[in-house]
Amino acid sequence: MTSVSMRRLAVNILLLWLVAGLAGLVWWQLQQKEQIAQSTRLLPLSLAEVNSVVVERKQAGFETKLELKRTGEQWQVLQPQKIAANPVKVRQLFTLLDEKVESSYDSAGKDLAAYGLEPAELTVSINGYKLVLGNTNPVSNNRYILNAGKIQLVNEAVYSLLQENWANFVALKLVPESFNLTAVQLPESFAALPQLVSNWKNAEAIRVEAFDPQKLTPEMQSLVLKGATETRKLTIVNLKDEIVLADLAKQLAYVLPISEAAQLFPAKTGLEPAPK
C-alpha cells in the first residue's frame, strides 16, 4: 500500500470517528433534553400509562372520594357508585399530566398551611402518585402542589373540575355499549315502536346531576331498559320543558332536551301494530 493510500485510509478512519462522535453527542443532547422535560412535569407518566385516579375532597357539600378506573379503553367511576365515566371529563382531568412545573423546592421545614397544603383539602392520586392541591400564588396565579416532598408551582386548569360533584364525571349516554340493549318497556301511555331500541341506544344527556329521592311523587311513572343480562329502571321525573330521568339505584338524574321526547317517548296514534 502506497503512502498516499495510507493517508487516505487514515483520513477516512478519522472522518468515521468524527461522524460517530457527532452522532453520540446528538444522542446525548437528546437524552438530556428528555430528562429535563421529564423533570419539569409533575409526574413521570404518559396518558397511555394512566389507569387509576382517586380524588379526595373535604369541602362541604361534596363526596369525600371519587375513584376512576380504566379497563382497556373504557373508564369507569368506581366510587361513590359503579358506572361508566364521561370520557370528556376524564381527558380534561389529564391535562394536569402535561403541565410544566414552574418552580420546585423542598417542603421540609416549610409552613404547609401557608400554602393551603395542610390540612390537605383536595388531593388527586394518579397511578398511586399523590398530589395535594393548595392555594394559588398571588403574583403568578400558579397553584401550589405538594408532590413527593416538594412544593411545586404549576399553571393548572383542573382545580375547579376536581371540586365538581361526582355526577359530572358520569357518562352522558343512557345506554353504554356494554349494556347490549334488547328492549325498552315504556309506560302504557306510550307506543312501543320497532325503532325504539335504536333511539334509546343513541340517547345522550346534556348533563347528569345528583338526584334526591325525596323529589319523587306518586304519579311519576317508570320505564325499563332491558339488556341481555341486566335491566335498568328509570323514573320519569319531567317530560314538559325538558326530559329528566332518574336512576334511583345510583341517585342520578339524566337531563335531555325536550326535542328528544318524540323519539324516546312516542305517542300512541292507534296505528301501532298489536302486541304479539
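Placed above this text is the structure.
Residues numbered from 1 in each chain as written. Predicted model: local features only at pLDDT ≥ 70, side-chain atom pairs only at ≥ 80, totals over all residues. Heavy atoms only, no water.

Remarks on the sheet that holds strand E12 (residues 222–227)
So the rule is basically this: Note on pairing: DSSP must find at least two bridges between two strands before they are called paired. Going along the chain from the N terminus, every DSSP run of H or I of four or more residues is numbered as a helix, and every run of E of two or more is numbered as a strand. Throughout, an axis means a line fitted to C-alpha atoms (over the contacting stretch in the case of helices), and angles, computed between N-to-C directions, take values from 0 to 180 degrees.
Taken together, six strands build an open sheet; the order of strands is E10-E12-E13-E14-E15-E11 and the sheet is antiparallel. The open sheet has two edge strands, strand E10 (181–185) and strand E11 (207–210), and neither has a second partner. Geometrically, the sheet is characterised by an average inter-axis angle of 30° between neighbouring strands, direction not taken into account.

Looking at the sheet that holds strand E4 (residues 83–84)
Pairing in this open sheet of nine strands is antiparallel, and the strands run E4-E3-E2-E1-E6-E7-E8-E9-E5 from one edge to the other. Only two strands of the sheet have a single partner each, and these edge strands are E4 and strand E5 (101–106). Alignment of strand E6 (residues 122–126) against strand E7 (residues 129–136), held across four bridges, turns out to be antiparallel. Following the sheet pairing, Thr-123 is matched in E7 by Val-132.

Topic: the pattern of salt bridges
Quick note on the threshold: Just to be clear on terms, a salt bridge is a Lys or Arg side-chain nitrogen sitting within 4 Å of an Asp or Glu carboxyl oxygen. Per-residue accessibility, obtained with a 1.4 Å probe over protein chains only, is compared with the maximum for each type, and a residue is labelled buried under 20%, exposed over 50%, and partly exposed between these values.
Tallying each qualifying case throughout the model produces seven salt bridges. Between Lys-150 and Asp-106 there is a salt bridge whose closest N-O contact spans 2.5 Å. One end of the pair, Lys-150, is in strand E9 (residues 150–154); the other, Asp-106, is in strand E5, with 44 residues separating them in the sequence. Owing to a relative accessible area of 32%, Lys-150 belongs among the partly exposed residues under this scheme. With relative accessibility at 43%, the residue Asp-106 sits in the partly exposed group. Of the charged contacts, one joins Arg-232 and Asp-247 as a salt bridge, the two residues approaching to 2.8 Å between their closest N and O atoms.

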